[in-house]
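# Chains, contacts and geometry: an overview
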Amino acid sequence: MSEFNGLVSKGADSNVSPFAFSDMLLFLILIHVLTSLSLQFFAVIFTTCFLKFYLYPMSKIKSAFFCNNCGYESTKWLGKCPSCNTWNSFVEEIIDKGNNKEQSWKEYHPEKKSAKVIALQDVVSSEEKRIITKDTELNRVLGGGIVCGSIVLVAGEPGIGKSTLFLQDALMMQSLTILYISGEESEHQIKMRADRLKISNENFYLLTETGLQTIFSEIKKLKPELVIVDSIQTLQSSLIDSGAGSVSQIRECAAEFQRFAKETNTPVFLIGHITKDGTIAGPKILEHMVDTVLQFEGDRHYAYRILRTLKNRFGSTAELGIYEMTGEGMRIVSNPSEILITQREEQLSGTAISATLEGMRPLLIEVQSLVTQSVYGTPQRTVSGFDLRRLQLLLAVLEKRGGFLFGTKDVFVNIAGGLKIEDPSIDLSVIVALLSSYEDAPVPHNICFAGEIGLNGEIRAVNRIEQRIAEAEKLGFEKIIVSKYNKKSFNPKNFKIEIVAFNQVQEVYQHLF
């Protein structure tokens, strides 16, 4: 008997069946005897106690509905999620809420402190202990190195190079005992990639397993100093009856690794998938559980990859790491400004160089634009790596304050190198590139720009102007155009590059064209 009282229970498969053949018969005989002896009161009492203490505890829910977007749990299907307001996001999953579960991870360190209330002023503050890797770009995006006991989520498109990057970094950390858990590839495939990287490490261990309980049993034996999981969507806990990759499985597996990382002070990297719209696959709670979220992005048609920080409890969230995909793995790009600027001899219209910042790193990027006469009814506005609404704002400023007729023109703007820039300091270079293409007059290749454009056509000041000027001077530029409001932020005598300051866009136009 696998069903009782309309509810299905996993525990009922083992407990109800023997009861149905022996105890049920004895129960009915006893009730019949009590009733025949006119002891209905005792029969009712006995039946109530029997149902409460024997049958009802065995009836447990096995299925529930989860929101694919945020992981909200419901006992019934809902059209709209009450947590994130997403429509048609609920799916049914088979779960097990039995009380006989055992935790997958148990602390193997005996010196575990019990929790107690403590005053904030009594807490001794200290710097986080970090593991400094040989990958300077990874150290940068993590805020200075891998924090011991942290759990890091790394997401990116398939084939972008996530597994290659972290296999390469793990092989280079030869002083640590590292466990690489793969649920997608076999040992031979990982060995072939390691041979291609031409890096050997005697302290690097592989485990191709998807069962969470088996993984932790091997972790207890090896006691690694760093764990890399590729990927979290392939793992499956036997305590949850749903399939791998479901909301409940991802949440349970991530929670177990979180407890393991905090209790043993061992850093854990979780490599994850992304959805078709570019967001991290799985419930949103997964990003809240981890300490750091890294996004590995880039166009597969380009050789360059970008490691971006989306969340970091131990450092800045605006850092950027740049790699180049080669046949022997990921090459660290120490000076990205050189690769983001096209090296050409002839001067072409529609291009301008901007001095921007990504986190603490100054970058010089090339802004490309194309302005043509529209042959269709509605002019096109196409951007790549730049905000479309920001472009429409800049075009409105040029039409209103400068008198340029862009309303009948098709406008295309591209950030060279496949970067996505959100720094408003590139506004001035976008304006100059648009005017250069509009007038079909090239901008001198030895000039770069840094400034934000206001709605009145004024050039607004940008932060950390000295670092931008120093980067332009290092790359051999002879002149940089900035805002007049930035004059108090730097001393021109400290730089050899010519610094020109303007207040309005019209002044820049008259100076260049």
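A brief structural summary.

Judged by pairing direction, the sheet is mixed, and its 7 strands sit side by side in the order β19-β20-β18-β17-β21-β24-β25 without closing on themselves. Each end of this open sheet is capped by a strand with a single partner; those strands are β19 (381–384) and β25 (498–502). Averaged over all neighbouring strand pairs, the angle between strand axes comes to 25°, with direction disregarded. Inspection of the sheet shows strand β17 (residues 351–358) paired to strand β18 (residues 361–373) by 8 bridges, in the antiparallel sense. When the bridges of β18 are listed, Ala 352 appears paired with Val 367.

Of all the 8 residues making up β17, 8 are buried; the element is thus mostly covered by neighbouring parts of the structure. Neither face of β17 is open: one carries Thr 351, Ile 353, Ala 355 and Leu 357, the other Ala 352, Ser 354, Thr 356 and Glu 358, and all of them are buried. Hairpin connection, β17 to β18: the antiparallel pair is bridged by 2 residues, and Gly 359 has positive phi, about 70°. The pairing of β17 with strand β21 (residues 447–449) spans 2 bridges and is parallel. Pairing of Ser 354 across the sheet is with Phe 449, part of β21.

Evaluation of the coordinates by the stated rule reveals 11 aromatic pairs. Here Tyr 72 and Phe 90 contribute two aromatic rings whose centre-to-centre distance is 6.3 Å and whose plane-to-plane angle is 90°, an arrangement assigned as edge-to-face. Residue Tyr 72 is found in the loop between β3 (63–67) and β4 (73–74), and its partner Phe 90 is found in strand β5 (residues 90–94); the two are separated by 18 residues along the sequence. Classification of Tyr 72 as partly exposed rests on a relative accessible area of 35%. Considering the side-chain rings of Phe 166 and Phe 269, the 5.3 Å spacing of their centres and the 45° angle between planes classify their relative orientation as tilted. One end of the pair, Phe 166, is in helix α4 (residues 162–172); the other, Phe 269, is in strand β12 (residues 268–272), with 103 residues separating them in the sequence. A relative accessible area of 3% places Phe 166 in the buried class. Exposure remark for Phe 269: the relative accessible area of 2% places this residue in the buried category. Through a chain of ring-to-ring contacts, three or more aromatic side chains come together here, namely Phe 404, Phe 406, Tyr 438, Tyr 509 and Phe 513.

Moving on to the packing of helix α11 (residues 427–439) against helix α13 (residues 505–512). At their nearest, the axes of α11 and α13 sit 11 Å apart, and the two run at 50° to each other. Overall, the two elements α11 and α13 adopt an arrangement that is oblique. Considering how the two elements wind past one another, α11 and α13 form a crossing that is right-handed. Listed contacts from α13 to Leu 428, Ile 431, Val 432, Leu 435 and Glu 439 of α11 are Val 505, Val 508, Tyr 509 and Leu 512.

What counts, and at which threshold
Residues numbered from 1 in each chain as written. Predicted model: local features only at pLDDT ≥ 70, side-chain atom pairs only at ≥ 80, totals over all residues. Heavy atoms only, no water. Pairing = 2+ DSSP bridges. Helix = DSSP H or I, 4+ residues; strand = E, 2+ residues; numbered from the N terminus. Axes fitted to C-alpha atoms, helices over the stretch in contact; angles between N-to-C directions. Buried < 20%, exposed > 50% of the residue type's maximum accessible area, 1.4 Å probe, protein only. Phe/Tyr/Trp six-rings, centres within 6.5 Å; stacked < 30°, edge-to-face > 60°. Parallel < 35°, antiparallel > 145°, perpendicular 65-115°, else oblique. Left-handed = near helix turned anticlockwise from the far one by under 90°. Contact = heavy atoms within 4.5 Å.

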